[in-house]
Amino acid sequence: MNEEPTRRDVLGHAARGAALLGMGGLIGYLIKHGSVEGAWRINVDQCVNSRLGALGVDVCDKCATTCVLALSAVRAVNDHAACGRCYICPAYFDVNSAINEEGLPSAKLCPRDAIERFEIGWVDPDDPANNYYEYVIDEVKCNGCGRCVMACKEPAGLSSIRLEVRHDLCLDCNRCSIAQVCPDDAYIREPTT
Amino acid sequence: MTPQRGNVRCATALRAVVLRGGRRTFIVAALLLVSQPKTSAQQFQYERPVSAAPTAEDVGEGYETPVVQYHPPRSMTRELIDVGVLTGALALTAWLVLGQRHRFGTLLVTIACVTYFGFYRQGCVCPIGAIQNVTLGLVDSSYALSYVAIAIFFLPLVFAVFFGRVFCGGVCPLGAIQELVALWPLQVPRRWEWWLGWLKWIYLATAIVFVVLPAAQRDFIICRFDPFVGFFRFTGPLDIMLIGAGLLLLGVLVGRPYCRYFCPYGALLSLPARIAWKAVRITPDKELDCGLCAEACPYGAIEGLRAMRATCLSCARCYKYCPREHGTATL
Amino acid sequence: MNGVRATIAIVVVTNCVTTLVQAGDDAVTYRNVRSITTCKGPRGFTHAMRGIAVQNDLLYVVGDQKLLVLRTNSTLARSWPTEHPGNCVAVHPDGRVFVGEEGQIEIFSPDGKRSSVWRDAERLDFVTAIGFAGDAVIVADADGRCLRRYTADGEYVRDIGKGKRLRGFMLPNRYLDFFMEDEKIIRVADPGRHRISRYTIDGERLDHVGHFATKSERGFPGCCNPTNIARTPAGDIVAVQKAPPMVKVFGCDGEFRTAFGGKSFDPNCKNSDAAVDRAGNIYVIDTVRLEIVVFGPEQPHGTANDSEQMP
């Protein structure tokens with residue numbers, strides 16, 4: 001074991017040293033231009049479902065249908081601080097359905113019945129229009145189809161609902177299948193400088 | 001009234017950004033000894049021109065505005081755990097294969113890794129796909145590659161310089177899923193093996209070309225045609241799933257067809273593996289030349305009763321079938 | 001049929017008599033006559049155009065820190081700056097011009113000199129309508145979700161529309177609009193409840209008209225409509241809705257008259273203020289295009305039975 005290192009050993013060490021040095025150089029360069037993390041996000045000002053001013057267009061449900069996950073990592077999120085808590089919420093009710101005996105639209109807008117509606121605060125027993133209502137999106141049911149986002153958009157609503165990527169579910173695919181098909185390039189990866 | 005509420009929200013978000021960014025900066029700086037990482041943007045500021053939402057006071061009866069549901073990106077701690085698991089699994093495989101020559105232990109590591117990196121992490125982030133990100137990071141200075149991806153990509157290569165392709169043998173979830181179905185592997189004729197071995201280089205070159213293309217035509221084909229990731233996620237495009245199923249069926253008779261003939265990262269790994277400091281080695285023996293190891297190797301990596309460093313996947317099968325092997329360490 | 005309805009209405013609301021007589025005679029329809037575009041541009045508004053009022057054939061329009069006085073032939077008569085962006089404008093019978101802003105009301109003399117400012121941190125958060133009833137000045141505070149009654153000198157008297165059993169007006173659109181039906185009665189839009197309600201200036205709630213509707217144009221669609229209301233000389237209610245923007249005219253008993261103007265506005269219009277001149281022309285702001293859309297009444301040469309054939 002105490003033999004002199006052979007020529008082969010010396011060459012091997014040199015080659016390994018060179019390989020490590022080369023990799024070190026690449027790593028150094030990449031770190032210099034790198035970032036701590038990157039994540040897919042939805043730019044709400046680009047997304048056709050939430051972009052102000054985009055009216056009379058069909059709802060885009062690409063986020064719901066193209067994610068590689070069985071249930072998309074995209075969810076609708078209601079910003080409660082901005083929610084009008086309306087008696088008749090166009091994102092909850094299908095406002096094109098027939099009126100029922102209570103004077104409310106008979107159908108719901110969400111195809112997965114993911115929005116819950118209940119009275120909050122002081123409740124007027126006589127006049128349901130006198131109450132405020134909370135609209136809570138069940139993120140286990142929601143698949144991010146964007147219908148409620150579109151319906152709540154200004155000027156019809158207050159735009160309190162938006163689509164958001166659930167980062168705990170998103171697989172951070174290199175080639176995000178939603179970003180491939182997003183018609184407005186609203187599905188972006190951040191950060192890039 | 002409304003602007004004040006907006007300001008409070010802004011301030012909270014800003015504080016979260018500063019805190020989170022600061023902690024990450026510290027961890028990463030400590031880990032990789034880098035200075036000035038780019039701060040990452042957090043949740044989009046979502047402000048609309050007019051907000052007339054009723055306040056908690058308007059609602060009354062002690063109502064409190066619920067917190068907006070938000071799931072932060074995967075925490076840096078968990079990303080670091082991934083890197084740690086990868087490093088640990090590489091070191092453990094190197095020790096089991098080269099030190100202990102322990103086939104069963106290696107198999108257990110393989111199963112653990114396919115569970116963690118495959119089914120739990122659903123196949124992302126993997127060094128195979130990271131080839132494209134690293135290439136992009138090298139050619140496009142505006143593309144910010146995440147530090148975790150850098151670590152995941154280079155760790156197996158660094159290990160290969162010292163211990164050969166231990167990543168392939170014990171850690172890679174794509175390799176593992178094929179390893180588990182390699183039930184009756186046949187020997188592929190050496191000539192075919194040589195020709196087919198070039199496919200992965202072509203694939204690697206094609207993948208790099210598709211990444212170097214301008215952003216509009218850029219395509220991450222390694223991820224797009226990843227044949228097994230759909231099995232980890234239990235869903236995927238039908239054509240890719242069928243290709244994966246076909247490769248798995250083929251893998252019953254031909255050991256690890258994807259790794260040997262297609263995997264672009266395997267092509268890369270074979271380079272440092274050639275100069276590996278320690279690697280799977282079949283010691284010459286004057287009394288016994290049984291050749292059982294060569295027959296046992298499902299990957300055609302033993303030529304002339306010597307293990308080829310470039311193609312050996314460090315599975316330790318040869319040791320298991322060696323009649324003289326008594327588990328003695330030579331490391 | 002019409003006669004029966006008229007009798008009931010007369011019993012309940014005595015001040016509607018003239019309107020009902022007219023409504024029984026012929027159904028008024030409206031036509032988009034023209035658009036006034038002189039208020040747009042560097043001499044007019046560049047960002048926002050919020051409130052409009054008509055007095056003596058002059059249009060008073062407020063928007064980004066500016067008040068314009070236009071003649072009905074679209075030419076600019078006067079203009080002067082306001083301290084904050086104006087939300088609404090009202091002209092007192094004595095000629096003074098009241099401009100409602102965020103946190104205050106500015107009062108100008110007819111030639112544009114600022115005579116005084118009313119500030120009330122608690123009660124004038126976001127003023128979106130002003131009306132005069134004899135000695136009283138009624139102010140709509142959209143952030144307070146109620147009407148405030150002041151004396152002519154700016155002394156606070158009382159809140160209207162908010163009480164123990166009453167939650168204030170539902171205003172997801174942050175705009176509260178009303179007009180004075182006479183010296184005692186206020187007609188106020190309650191968009192969140194899809195109603196137009198009546199209150200006395202002493203805060204007593206009388207009744208309401210209007211209801212939510214999906215496809216029928218007789219009601220109000222969406223989350224919060226109508227946003228703005230105005231009164232015709234005949235006493236009809238002009239109600240402007242958003243999403244889609246449209247103007248609807250109701251009799252003072254809530255009887256639906258006509259709906260029009262859907263195509264005259266930018267579809268993103270909201271909180272479009274309206275005013276009616278002595279000839280019955282309706283002026284509605286297009287808040288996106290920064291124009292005033294003018295609708296003129298058309299009297300069809302029909303018989304008394306025409307009103308039965310509603311659109």
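Only a predicted model underlies this, so the values are computations on that prediction, with no experimental measurement involved.

Draft legend 1. Focus on the overall build of chain A. Within chain A, the secondary structure is distributed over four helices and six strands. Reading the helices (α) and strands (β) of chain A from amino to carboxyl end gives α-β-α-β-β-β-α-β-α-β. By the burial criterion, 53% of the 193 residues in chain A qualify as buried. In chain A, the share of contacts with a sequence separation of at least 24, taken over all contacts with a separation of at least 6, comes to 68%. Accessible area of chain A: about 8600 Å², with a carbon and sulfur share of 53%.

Draft legend 2. Layout of the overall build of chain C. Of the regular secondary structure elements, chain C holds two helices and 26 strands. When the 311 residues of chain C are sorted by exposure, 60% land in the buried category. Long-range contacts, defined here as pairs at least 24 residues apart, represent 46% of the contacts in chain C between residues at least 6 apart. Carbon and sulfur atoms make up 50% of the accessible area of chain C, which totals about 12300 Å².

Draft legend 3. View of unusual backbone geometry. Note the cis peptide between glutamate 154 of chain A and proline 155 of chain A, where omega equals 0°. Its place among the elements puts proline 155 of chain A in the loop between α3 (147-151) and β5 (161-165). Along the chain, asparagine 225 of chain C connects to proline 226 of chain C via a cis peptide bond; the corresponding omega equals -5°. Summarising the element assignment, proline 226 of chain C is placed in the loop between β19 (205-209) and β20 (228-231). Located in the positive-phi region is asparagine 56 of chain C, a residue other than glycine, with phi close to 50°. You can see asparagine 56 of chain C is positioned in the loop between β2 (49-55) and β3 (58-63). A relative accessible area of 57% means that asparagine 56 of chain C is categorised as exposed.

Draft legend 4. Inspection of the confidence of the model for chain C at higher detail. Residues and elements named next belong to chain C. When pLDDT is averaged along chain C, the result is 85, and 87% of the positions lie at 70 or above. When the criterion is pLDDT under 50, residues 1-25 qualifies, and its contacts beyond four places in sequence or with other chains add up to 35 contacts. In this model, residues 302-311 is a region of pLDDT below 50 whose contacts with residues beyond four sequence positions or in other chains number 17 contacts.

Draft legend 5. Local environment of a nonpolar patch on the surface. A cluster of nonpolar residues, Leu26 and Tyr29 of chain A together with Leu138, Val139, Ile208 and Val212 of chain B, forms a patch on the protein surface that exposes about 440 Å² of accessible area. Of all the elements in the fold, those that place two or more residues in the nonpolar patch are α1 (7-33) of chain A together with α5 (127-139) and α10 (199-212) of chain B. Relative to the assigned elements, isoleucine 208 of chain B resides in helix α10. Residue isoleucine 208 of chain B is classed as partly exposed on the basis of its relative accessible area of 31%.

Draft legend 6. Up close: the state of the cysteines. In the structure shown here, the tally under the stated rule is one disulfide over all chains. Note that cysteine 223 of chain C is cross-linked by a disulfide to cysteine 224 of chain C, the S-S spacing being 2.4 Å. The thiol of cysteine 83 of chain A is unpaired, and the distance to the nearest cysteine sulfur, on cysteine 89 of chain A, comes to 6.4 Å. Left unpaired, cysteine 89 of chain A is separated from the closest cysteine sulfur, that of cysteine 152 of chain A, by 6.1 Å.

Draft legend 7. Structural context of the packing of aromatic side chains. Residue and element names in this part refer to chain B. A full pass over the atoms with the stated rule returns 30 aromatic pairs over all chains. Note on phenylalanine 119 and phenylalanine 232: the rings are 5.3 Å apart at their centroids and 85° apart in plane angle, and the pair reads as edge-to-face. Placement of the pair is phenylalanine 119 in helix α4 (residues 103-120) and phenylalanine 232 in helix α12 (residues 229-233), with a sequence separation of 113 residues. Residue phenylalanine 119 is classed as partly exposed on the basis of its relative accessible area of 35%.

Draft legend 8. Up close: the interface of chain A and chain B. Each partner contributes residues to the interface: chain A has 64 residues there, and chain B has 68 residues. Surface buried jointly by chain A and chain B totals about 6100 Å² across both partners, of which 62% is contributed by carbon and sulfur atoms. In this assembly, chain A and chain B are joined by zero salt bridges. Counting the contacts that link chain A with chain B gives five residue pairs in polar contact (both at pLDDT 80 or more). Tallying contributions element by element places α1 of chain A first for the side of chain A that touches chain B, with 13 residues.

Draft legend 9. Looking closely at the pattern of salt bridges. Residues and elements named next belong to chain B. Throughout the structure, instances matching the rule amount to 37 salt bridges over all chains. Put simply, glutamate 193 and arginine 260 hold a salt bridge, and the shortest N to O gap is 2.7 Å. Of this pair, glutamate 193 sits in helix α9 (residues 190-196) while arginine 260 is found in helix α14 (residues 257-262), placing the two residues 67 residues apart along the sequence.

Draft legend 10. Here's a closer look at the environment of tryptophan 122 of chain A. Residues and elements named next belong to chain A. By the element assignment, tryptophan 122 lies in the loop between β3 (115-120) and β4 (132-137). By relative accessible area, which is 23% here, tryptophan 122 ends up partly exposed. Placed 10 residues apart in sequence, tryptophan 122 and tyrosine 132 show a C-alpha to C-alpha distance of 8.4 Å.

Draft legend 11. Local environment of the packing of helix α8 (residues 173-181) of chain B against helix α13 (residues 238-253) of chain B. All names here are of chain B. Viewed as axis vectors pointing N to C, α8 and α13 meet at an angle of 50°, and their least axial separation amounts to 8 Å. The angle between α8 and α13 places the two elements in the oblique class. The two elements α8 and α13 meet at a crossing, and its hand is right-handed. Contacts between α8 and α13 involve Ile177, Gln178 and Val181 from the former and Leu248, Gly251 and Val252 from the latter. In terms of residue class, the contact of α8 with α13 is made up of four nonpolar, two polar and no charged.

Draft legend 12. Representation of the sheet that holds strand β12 (residues 146-151) of chain C. All names here are of chain C. A sheet is described by the order of its strands in space; here four strands give the open sequence β10-β11-β12-β13, paired in antiparallel fashion. Taken across any chain shown, the strands that pair with only one partner, and hence form the sheet edges, are β10 (127-133) and β13 (156-160). Across the sheet, the mean angle from the axis of one strand to that of its neighbour is 20°, orientation sign disregarded. Of the strand pairs in this sheet, strand β11 (residues 136-141) and β12 are connected by six bridges, and their pairing is antiparallel. When the sheet's bridge partners are listed, valine 139 is paired in β12 with arginine 148.

Draft legend 13. The arrangement of helix α3 (residues 76-100) of chain B in detail. Compared with an ideal rise of 1.5 Å per residue, which puts 25 residues at 36 Å, α3 of chain B spans 34 Å between its outermost C-alpha atoms and is within 8% of the ideal. Note on α3 of chain B: the residue one or two positions beyond its end, arginine 101 of chain B, has a positive phi of about 50°.

Draft legend 14. Looking closely at the environment of cysteine 86 of chain A. Following the sequence through the fold, cysteine 86 of chain A ends up in the loop between β2 (74-78) and β3. With near-sequence residues (within four places) excluded, cysteine 86 of chain A lies in contact with Tyr133 and Tyr135 of chain A together with Pro172 and Cys223 of chain C.

Draft legend 15. Summary view of the packing of α5 of chain B against α10 of chain B. Residues and elements named next belong to chain B. Interhelical geometry of α5 versus α10 gives an angle of 45° and a closest axis separation of 9 Å. Judged by the inter-axis angle, α5 sits oblique to α10. The handedness of the crossing between α5 and α10 is right-handed. From α5, Ile131, Gln132, Thr135, Leu136 and Val139 reach across to α10, where they touch Leu204, Ile208, Val211 and Val212. Among the residues making up the contact of α5 with α10, the classes are represented as seven nonpolar, two polar and no charged.

Draft legend 16. Spatial organisation of the pairing of strand β22 (residues 246-250) of chain C. Residues and elements named next belong to chain C. Judged by how many residues are buried, β22 sits mostly within the fold: five of five residues are covered. Side chains Met246, Lys248 and Phe250 of β22 all project onto a buried face; the interleaved residues Val247 and Val249 project onto the opposite face, where all are buried too. Across five bridges, the pairing between strand β21 (residues 237-241) and β22 is antiparallel. Note on β22: the bridge partner recorded for alanine 239 is lysine 248. Two successive antiparallel strands, β21 and β22, enclose a turn made up of four residues, where alanine 243 displays a positive phi of approximately 45°. Direction of pairing for β22 relative to strand β23 (residues 256-260): antiparallel, over a ladder of four bridges. If you follow valine 249 over to β23, its bridge partner there is threonine 258. Counted between consecutive antiparallel strands, the loop separating β22 from β23 contains five residues, among which glycine 254 sits at a positive phi close to 90°.

What counts, and at which threshold
Residues numbered from 1 in each chain as written. Chains lettered and ligands numbered in written order. Predicted model: local features only at pLDDT ≥ 70, side-chain atom pairs only at ≥ 80, totals over all residues. Heavy atoms only, no water. Helix = DSSP H or I, 4+ residues; strand = E, 2+ residues; numbered from the N terminus. Buried < 20%, exposed > 50% of the residue type's maximum accessible area, 1.4 Å probe, protein only. Contact = heavy atoms within 4.5 Å. Areas by Shrake-Rupley, 256 points an atom, 1.4 Å probe, with all protein chains shown as cover. pLDDT = per-residue confidence, 0-100. Patch = residues over 30% accessible without salt bridge, like charges linked within 9 Å, V, L, I, M, F, W, Y side chains within 5 Å. Salt bridge = Lys/Arg side-chain N within 4 Å of Asp/Glu carboxyl O. Disulfide = S-S within 2.5 Å. Phe/Tyr/Trp six-rings, centres within 6.5 Å; stacked < 30°, edge-to-face > 60°. Buried area = accessible area lost by both parts, 1.4 Å probe. Polar contact = N/O pair within 3.5 Å; in protein donor to acceptor, adjacent residues only side chain to side chain. Axes fitted to C-alpha atoms, helices over the stretch in contact; angles between N-to-C directions. Parallel < 35°, antiparallel > 145°, perpendicular 65-115°, else oblique. Left-handed = near helix turned anticlockwise from the far one by under 90°. Nonpolar A, V, L, I, M, F, W, Y, C, P; charged D, E, K, R; others polar. Pairing = 2+ DSSP bridges. Expected span 1.5 Å × (residues − 1).

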